[in-house]
Amino acid sequence: MDWSAKRHEMVERQLRARGIRDERVLAAMAEIPREEFVPESQRASCYADEPAPIGYGQTISQPYMTALMAEGLELKGTETVLEVGAGCGYHTAVLGALAARVVSIELIPELAEMARSNLARTGRLGNVTVIVGDGSLGWPEEAPYDAISVEAAAVEAPPALLEQLRDPGRMVMPVGPDWDQELLVLCKAGGRITKRVAAYCRFVPLR
Ligand code: SAH
């Protein structure tokens, strides 16, 4: 399988053609081997335009959703990012390529271990720490965060996360009931929070 060709085709057809403009996001996703992060049974179709199961009832997001969320954070390379929901570690690797440091919290220990081993094998654990825990409480030890990426949905943004977001800072998160969520980009500036809807989406629930 020519994975590099599949990756480039994904970037052109699913990301660039649909409006992803941040060249750093496009470059990161053209480089990170998604096939190394999914379970063996999902490898052949891992560049398809859809989410895929990663075990434990969880999913790896559709590539476009990962790109849209990463782009929403407007990362320049100097930031410390908090990620909630490492899953298989793919999105974590994308954030690691775009920021200076990533702290990722994952609730399911087996998935945290899968994320760690995938990140280590692909040489991407250098600026990333994967922690087992409840990400809705954030991780106060390294707060405040320049950016926060929440990859599971809740009916509202957890207050602990808004508190641990730096001012100025940006957070992306799917918000809404199971069947009807909005991907929100929240911007904190001057002590105030503004929101915009980047897309409609369907994520697994934040627990
Ligand atoms: N971002 C990953 C996985 C998304 S699935 C990817 O695209 O590959 C959402 C993940 O959030 C799952 O792994 C799930 O276990 C995790 N999760 C759900 N609730 C959580 C919580 N409260 N704290 C931390 N992780 C949580």
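The rules we used
Residues numbered from 1 in each chain as written. Predicted model: local features only at pLDDT ≥ 70, side-chain atom pairs only at ≥ 80, totals over all residues. Heavy atoms only, no water. Phe/Tyr/Trp six-rings, centres within 6.5 Å; stacked < 30°, edge-to-face > 60°. Helix = DSSP H or I, 4+ residues; strand = E, 2+ residues; numbered from the N terminus. Buried < 20%, exposed > 50% of the residue type's maximum accessible area, 1.4 Å probe, protein only. Near = heavy atom within 4 Å. Polar contact = N/O pair within 3.5 Å; in protein donor to acceptor, adjacent residues only side chain to side chain. Areas by Shrake-Rupley, 256 points an atom, 1.4 Å probe, with all protein chains shown as cover. Nonpolar A, V, L, I, M, F, W, Y, C, P; charged D, E, K, R; others polar.

Draft legend 1. Structural detail: the packing of aromatic side chains. Applying the stated rule across the entire model yields two aromatic pairs. With 6.1 Å between their ring centres and 45 degrees between their planes, W3 and Y47 make a pair best called tilted. Note that W3 is positioned in helix α1 (residues 3–15) and Y47 in the loop between α2 (23–31) and β1 (52–55), a separation of 44 residues in sequence. One exposure class covers both W3 and Y47, and it is buried.

Draft legend 2. View of the site of the ligand. Neighbouring residues of the ligand: 23 residues in total, closest E106, D134, G135, E151 and R207. In this structure, S61 approaches the ligand through a main-chain N or O atom, which is 3.2 Å from an oxygen atom. Between the ligand and G85, the relevant distance is 3.0 Å, taken from a nitrogen atom to a main-chain nitrogen or oxygen of the residue. Expressed as a share of its isolated accessible area of 570 Å², the protein-covered part of the ligand is 100%. Looking at the shell around the ligand, the elements that each hand over two or more residues are β2 (58–60) and β4 (101–106). For the shell around the ligand, the leading source of residues is β2, giving three residues. Among the residues forming the shell around the ligand, the class breakdown is eleven nonpolar, eight polar and four charged.

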